[in-house]
Amino acid sequence: MLSRFISLVLIATLAVPAFARVQPTTGFDLYSHEDELQVGKEAALEMNRGLPLLPDSSPVSRYVSDLGKKLASHAPGEPWPYAFHVVNQKEINAFALPGGTIYINLGTIQAADSEAELAGVLAHEIAHVVQRHGTRAASKEMAAEVPLALLAGILGKSTAAQATALGISFGVGSYFLKNSRQSESEADLLGTDIMYDAGYDPHALAEFFAKLEDQAGGHGSELDQFFSDHPDPGNRVEAVNQEAATLASKVYALNSPEFLSVKQTVAGMKPMTAEQIALWQKKHGKPDSAN
Ligand code: ZN
């Protein structure tokens with residue numbers, strides 16, 4: 001009787017772990033850690049030249065960088081050199097390059113009603129980096145283009161250099177920003193855990209997505225790029241809330257004085273529209289990676 005009781009308890013314990021945390025996914029990836037750092041650095045240089053960024057010294061950039069680094073300190077996996085930049089763009093969007101450079105549009109900060117919502121967007125991007133979604137997507141494309149015999153030779157060497165030698169044109173980043181619905185779902189779930197670990201209410205990510213979905217229903221065009229870079233896996237609001245429900249409730253961080261001050265600053269700013277940026281890029285040059 002006692003042993004039966006013990007085995008029942010054991011089964012119950014195994015079936016419902018107290019803390020079922022999201023594990024970062026891995027997958028087919030031709031890029032070594034060093035490759036990824038290298039291509040990420042090249043793509044970031046290109047983006048920094050080809051996008052209208054707020055200076056890193058501006059109070060808004062400094063705040064985003066501090067918040068991003070606080071979240072990244074709770075990211076599982078390899079320690080990528082995370083860096084955060086604010087694009088002076090009105091449309092809501094954010095994206096991550098391999099190796100940890102993350103960009104967020106000023107319009108996203110204007111649209112965030114709480115620090116937790118903003119933390120959610122950054123945590124989602126960090127989760128893309130952790131799970132190496134950029135280089136995994138590029139690897140998949142390469143595997144489709146390159147004969148297997150050649151791929152076998154590439155493996156274990158500097159992939160990016162070898163690929164270039166083979167004349168494979170995959171402009172830095174033409175695949176890095178194309179997230180699949182599967183990657184999106186993974187970034188949502190891991191992002192939920194990262195923001196929770198950093199002290200923010202994870203339901204705020206669901207609230208932010210719900211807000212975007214409402215807006216997209218009205219006038220879609222301003223959110224087209226967001227949903228193209230981060231395609232809706234289908235039930236993302238529900239999925240984030242479900243993941244949040246598995247986390248023990250605790251006292252969450254409120255809006256910091258820095259967030260409130262930055263919100264005041266950005267309320268008075270007029271970021272460029274996508275159209276204005278396209279004109280600006282005609283003069284400055286457009287990054288290959290931007291679609
Ligand atoms: Zn995404």
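Below, the structure is looked at part by part. (Residues numbered from 1 in each chain as written. Predicted model: local features only at pLDDT ≥ 70, side-chain atom pairs only at ≥ 80, totals over all residues. Heavy atoms only, no water.)

**Observations concerning the overall build of the protein chain**
Along its length, the protein chain carries 14 helices and three strands. Taking all 291 residues of the protein chain together, 48% fall into the buried category. Considering only contacts within the protein chain whose residues lie at least 6 apart along the sequence, 78% involve residues at least 24 apart. Working note: accessible area of the protein chain is about 14100 Å², and carbon and sulfur atoms make up 58% of it. (Helix = DSSP H or I, 4+ residues; strand = E, 2+ residues; numbered from the N terminus. Buried < 20%, exposed > 50% of the residue type's maximum accessible area, 1.4 Å probe, protein only. Contact = heavy atoms within 4.5 Å. Areas by Shrake-Rupley, 256 points an atom, 1.4 Å probe, with all protein chains shown as cover.)

**Let's talk about the packing of helix H3 (residues 59-72) against helix H13 (residues 257-267)**
Helix-helix packing is characterised by the crossing angle of the two axes and by the distance between the axes. Their axes nearest at 10 Å, the elements H3 and H13 cross at an angle of 140°. With respect to each other, H3 and H13 are oriented oblique. Considering the relative orientation of H3 and H13, their crossing is left-handed. For the pair H3 and H13, the contacting residues are Pro59, Val60 and Tyr63 in the first and Glu258, Phe259, Val262, Thr265 and Val266 in the second. A class-by-class count of the residues in the contact of H3 with H13 yields six nonpolar, one polar and one charged. (Axes fitted to C-alpha atoms, helices over the stretch in contact; angles between N-to-C directions. Parallel < 35°, antiparallel > 145°, perpendicular 65-115°, else oblique. Left-handed = near helix turned anticlockwise from the far one by under 90°. Nonpolar A, V, L, I, M, F, W, Y, C, P; charged D, E, K, R; others polar.)

**As for the coordination of the zinc ion**
All of the protein donors around the zinc ion are His124 (NE2), His128 (NE2), Glu184 (OE), Glu184 (OE) and His230 (ND1); their distances to the metal are 1.9 to 2.5 Å. Written as a sequence motif, the donor residues of the zinc ion are H-x3-H-x55-E-x45-H. Of the two residues, His124 sits in helix H5 (residues 115-130) while His230 sits in the loop between helix H11 (224-229) and helix H12 (236-245), which places them 106 residues apart along the sequence. Classification of His124 by relative accessible area gives buried; the value is 3%. (Donors = N, O, S within 2.8 Å, 3.2 Å for Na, K, Ca; no water.)

**Some details on the pattern of salt bridges**
As enumerated under the stated definition, the model contains nine salt bridges in all. For Asp193, the salt bridge goes to Arg21, with nearest N and O atoms at 3.0 Å. On the criterion of sequence distance, the pair formed by Asp193 in helix H9 (residues 181-197) and Arg21 in the loop between helix H1 (2-15) and helix H2 (33-50) is long-range, its members being 172 residues apart. For Asp193, a relative accessible area of 3% corresponds to the buried category. With a relative accessible area of 28%, Arg21 lands in the partly exposed category. Salt bridges here are not isolated pairs; linked through shared partners, they connect Asp29, Glu36, Glu78 and Arg132. (Salt bridge = Lys/Arg side-chain N within 4 Å of Asp/Glu carboxyl O.)

**Side note on the packing of aromatic side chains**
Enumeration according to the criterion identifies six aromatic pairs in this entry. Their ring planes at 15° and their centres at 6.4 Å tell us that Tyr82 and Phe84 sit as a pair that is stacked. Their ring planes at 70° and their centres at 6.3 Å tell us that Tyr196 and Tyr252 sit as a pair that is edge-to-face. Of this pair, Tyr196 sits in helix H9 while Tyr252 sits in the loop between H12 and H13, placing them 56 residues apart in sequence. Taken together, Phe209, Phe226 and Phe227 form an aromatic cluster joined through their ring pairs. Seen from the ring of Phe209, Arg236 lies directly overhead, with NZ or CZ sitting 4.2 Å from the centre. A cation over a ring is seen here: Lys250 above Tyr196, with NZ or CZ 3.9 Å from the ring centre. (Phe/Tyr/Trp six-rings, centres within 6.5 Å; stacked < 30°, edge-to-face > 60°. Lys NZ or Arg CZ within 6 Å of the ring centre and 35° of its normal.)

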